Amino acid sequence: TLKTSDTWTTIAHLESERKQLESEKGALLDYIQDNVDRTAGMKKEMATTTATNKALEAKVAAMGSEVDQLRNSQADAAASRSLLEAQDRDVEQLRAVRSELEAALARKEAENEEMSKLQMDLLGQLKEISDTSSFQHVELDGSRKAAKAFEESAGNMARQL
């Protein structure tokens with residue numbers, strides 16, 4: 001049998017421990033609530049981070065696509081550059097052929113001028129020959145007329161005699 005004072009002491013002690021436990025319980029509940037709040041905040045941060053990561057992954061994928069397009073463009077540019085270089089070589093060859101053709105044309109024009117001069121000289125000579133021949137025909141015709149006139153005059157004289 002316990003004494004009443006011991007009982008009251010025990011009750012007081014239990015009451016003190018209960019208050020202590022209540023206080024610890026409140027502290028634990030506050031601690032748990034803080035952890036729950038922090039966990040909720042972390043979950044929000046995690047969701048934001050996950051969304052950000054997904055957005056970044058999408059950007060990385062898009063950038064990868066852009067990189068592929070740039071590589072394709074670079075390959076196209078290299079092919080175009082090669083084509084332009086080949087066309088430049090062709091143009092240079094055409095310029096060389098053009099120069100040769102212009103030189104040949106100049107030689108041909110010089111030959112044509114020489115031929116024209118020779119033709120003009122020949123025409124001049126033919127004209128001189130033609131003029132000389134006409135003059136000789138005129139003289140010959142005059143001589144024939146004079147001979148005919150002489151014959152007629154000789155015939156008239158012979159008849160008169």
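Okay, so let's go over this structure. (Residues numbered from 1 in each chain as written. Predicted model: local features only at pLDDT ≥ 70, side-chain atom pairs only at ≥ 80, totals over all residues. Heavy atoms only, no water.)

1. A look at the overall build of the protein chain
Within the protein chain, the secondary structure is distributed over one helix and zero strands. Taking 2.2 N^0.38 as the reference for a compact globule, 161 residues should give roughly 15 Å; the C-alpha atoms of the protein chain span a radius of gyration of 66 Å, well beyond that estimate. Principal-axis analysis of the C-alpha atoms gives the protein chain an extent of 225 × 25 × 15 Å. A burial count over the protein chain gives 0% of its 161 residues as buried. (Helix = DSSP H or I, 4+ residues; strand = E, 2+ residues; numbered from the N terminus. Rg over C-alpha atoms; globule rule 2.2 N^0.38 Å. Buried < 20%, exposed > 50% of the residue type's maximum accessible area, 1.4 Å probe, protein only.)

2. Looking at a negative patch on the surface
Taken together, the side chains of Glu 109, Glu 113, Glu 114 and Asp 121 define an acidic patch exposed on the protein surface. Mapping Glu 114 onto the fold places it in helix H1 (residues 4–160). When its relative accessible area of 44% is taken as the criterion, Glu 114 is described as partly exposed. (Patch = residues over 30% accessible without salt bridge, like charges linked within 9 Å, V, L, I, M, F, W, Y side chains within 5 Å. Areas by Shrake-Rupley, 256 points an atom, 1.4 Å probe, with all protein chains shown as cover. Salt bridge = Lys/Arg side-chain N within 4 Å of Asp/Glu carboxyl O. Lys, Arg positive; Asp, Glu negative; His and termini not counted. Charge placed at Lys NZ, Arg CZ, Asp CG, Glu CD.)

3. Comments concerning a nonpolar patch on the surface
Together, Leu 28, Leu 29, Tyr 31, Ile 32 and Val 36 give the surface a local cluster of nonpolar side chains, amounting to about 500 Å² of exposed area. Following the sequence through the fold, Leu 28 ends up in helix H1. For Leu 28, a relative accessible area of 52% translates into the label exposed.

4. Regarding the pattern of salt bridges
Per the stated rule, a full pass over the model turns up five salt bridges. Glu 102 is the salt-bridge partner of Arg 98, the closest N and O atoms lying 3.1 Å from each other. Of this pair, Arg 98 and Glu 102 both sit in helix H1, four residues apart, which is roughly one turn of the helix. Here Arg 98 falls in the exposed class, since its relative accessible area comes to 55%.

5. Considerations on the environment of Glu 113
Assignment of secondary structure puts Glu 113 in helix H1. A residue is classified by how much of its surface remains accessible, and Glu 113, at 52% relative accessible area, is exposed. On a C-alpha basis, the gap between Glu 113 and Ser 82 in space is 46 Å, while along the polypeptide they are 31 residues apart.

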